[in-house]
Amino acid sequence: MQLHFSPSMRSVTISSTNGFVDLMKIKVTACHISYRTLFHTILILAFLLPFLFILTAVVTLEGVNKCSSLDCLGRRLGPKLLGRGDDSGRLVKDFYNILNQVNTEQVQVDVNIPDNFTQLVSEMKSNAYSAKDFAIILKGMMERSEREIRESKLQELTNKHFAASSVSKGIHCLSLRLTDEYSSNAHARRQLPSPELLPLLSDNSIYHFILSTDNILAASVVVTSAIQSSLAPEKIVFHVITDKKTYAGMHSWFALNPISPAVIEVKGVHQFDWLTRDNVPVLQAVENHNGIRNYYHGSPKYISLLNHLRIYLPELFPNLDKVVFLDDDVVIQRDLSPLFEIDLNGKVNGAVETCKGEDSWVMSKRFRNYFNFSHPRVSESLDPNECAWAYGMNVFDFHAWRKTNIRETYHAWLKENLRSNLTLWKLGTLPPALIAFRGHVQPIEPSWHMLGLGYQKNTNIENVKKAAVIHYNGQSKPWLQLGYEHLRPFWSKYVNYSNEFVKNCHILE
């Protein structure tokens, strides 16, 4: 059988080739689709079908839920084929609006707040929460978490405060045993320094270091590290000042553990004739002030004369002209004799400034960090952006100091803060010193004194190794269990663990 199409595509003739002449002519009416139109339609479909296949595959792969029906697939493909995006952007925008609305509302006390995420999901499934209900519950959960975090941090700080301000068992044991040794052992009571070395205590041609502390172990580390790091230990004189209750133990330690060729003097505050209530009347007010006792939880460290002693050093050592004052939580790693050659340009206090440095947390301290500038007396007298400086390693020119009214200024501001019920400042002895020494501070190179090892866990170890003096200021003291383990070796390597008293008191075990 053969088919014959007329040239105009208007008729089709069917003929048989089996020996019979069978003819059939079919006319195609004009309303039928032309060949040209059919060809174009097939061409367009051939072009679109691959894209439709790819789009279907992508949608199927992207989908989270399986589509098992043409209706589902249609709902998913429809918006894409019509050029419309999904509704996720609009839904997110609507949810943002609900969050903003809930942000201004208070979470009612009767709202049931889930304890955890699993419980939240379970309650959402069973209660069919609206978006607003979900936002309110979410806000309630976050507010509760914030309260718990604040309470936890406050508890942590309180515990750290008590741990840092209390005396550890080992150090208390050391003090008791050495005090007992002082009463029973004549060698522990021998004169410090020996009579022939007494003239060196007022010799301004050698290097004088002053240390004020009631911590025997800490004092031993400061003295030992300074002598071992010195290029000329025979030219070093240490003046160790302690309180009356610690004096016997402190004297015993240095009498039984000589630091030759250096010279050491140990004195109690009760042995200074100048330290009378007439000369320091403000300190009696400090000790008796209930607000201070409550603020520091009764800890004597912050309200004792020993803590304020550095402001009276020129009067306590009238024959000395220049000294280096050290805190008991420092370690000396380099020879400090060049400090005595620094020109202070007529200033009193050579100190490291703490408002600029590599560590943006430790070295970012300005007056606004220490004073209450909402108080008119503070705001009218001080500049919040004025750079602070560090206690702990200071070069003091006593000759220049005696020409100033630093002590009187210190007393005046201390009294004013007491009268204002501690509303000018609250923390320690540095704030009144920042005011008293204004205009009398000469900045020195920061590498002389590195701070923050008692509260900056992420201290740069390489910088620690390079610093002349490292300072464990903060609550995590190296002799306490809460000290940072990776920073403790810089301190503990100067502890004499072979000493009989240290071993028997199980220091840092």
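Here the structure is shown first, and the text comes after it.
Residues numbered from 1 in each chain as written. Predicted model: local features only at pLDDT ≥ 70, side-chain atom pairs only at ≥ 80, totals over all residues. Heavy atoms only, no water.

(A) Structural detail: the pairing of strand E10 (residues 393-397). Within E10, five of the five residues are buried, which leaves it mostly tucked inside the rest of the structure. Both strand E7 (residues 322-326) and E10 contribute to a ladder of five bridges, which runs antiparallel. Among the inter-strand pairings, Val324 is bridged to a residue of E10, identified as Val395. Examined bridge by bridge, strand E9 (residues 349-351) and E10 share two bridges and lie antiparallel to one another. Across the sheet, residue Asn349 finds its bridge partner in E10, namely Phe396. (Buried < 20%, exposed > 50% of the residue type's maximum accessible area, 1.4 Å probe, protein only. Helix = DSSP H or I, 4+ residues; strand = E, 2+ residues; numbered from the N terminus. Pairing = 2+ DSSP bridges.)

(B) Expanded view of a nonpolar patch on the surface. Taken together, the side chains of Val92, Tyr96 and Leu99 present a nonpolar region at the surface, about 260 Å² in accessible area. Along the chain, the position of Val92 falls in helix H3 (residues 88-103). (Patch = residues over 30% accessible without salt bridge, like charges linked within 9 Å, V, L, I, M, F, W, Y side chains within 5 Å. Areas by Shrake-Rupley, 256 points an atom, 1.4 Å probe, with all protein chains shown as cover. Salt bridge = Lys/Arg side-chain N within 4 Å of Asp/Glu carboxyl O.)

(C) Structural context of the side chain of Asn394. With respect to the secondary-structure elements, Asn394 resides in strand E10. Note on Asn394: relative accessible area 0%, which makes it buried. At 3.3 Å, the side chain of Asn394 and the side chain of Asn349 are in polar contact. In this structure, Asn394 is in contact with Val323, Val324, Phe325, Asn349, Gly350, Ala351 and Trp389, ignoring residues within four places of it in sequence. (Polar contact = N/O pair within 3.5 Å; in protein donor to acceptor, adjacent residues only side chain to side chain. Contact = heavy atoms within 4.5 Å.)

(D) Representation of the sheet that holds strand E5 (residues 236-242). Sheet architecture is open: seven strands sit in the order E6-E5-E4-E7-E10-E9-E11, paired in mixed fashion. Edge positions in the sheet fall to strand E6 (263-268) and strand E11 (441-443), since each has one partner strand and no second. Neighbouring strand axes in the sheet, compared pairwise and without regard to direction, differ in orientation by 25° on average. With three bridges connecting them, strand E4 (residues 207-212) and E7 associate as parallel partners. (Axes fitted to C-alpha atoms, helices over the stretch in contact; angles between N-to-C directions.)

(E) Summary view of the layout of surface pockets. Within this model, the second largest pocket holds a volume of roughly 370 Å³. Around the second largest pocket, the lining is made up of 17 residues, and of these Glu358, Asp359, Met363, Met450 and Asn463 lie nearest the centre. (1 Å grid on protein atoms, 1.4 Å probe; cavity = no way out; pocket = protein on both sides within 12 Å on 5 of 7 lines; lining within 4 Å. Points joined across faces, edges and corners; volume = space filled by probe spheres on them.)

(F) Inspection of the nonpolar core at higher detail. Counting residues in each nonpolar core, the largest one holds 67 residues, and the members touching the most others are Phe209, Phe238, Phe254, Ile264, Leu326 and Ile470. The element contributing the most residues to this core is helix H7 (residues 216-229), with nine residues. Core analysis: the next-biggest nonpolar cluster, separate from the first, contains 44 residues, Leu320, Val378, Trp413 and Leu424 among them. (Core = buried A, V, L, I, M, F, W, Y, C linked by side-chain atoms within 4.5 Å.)

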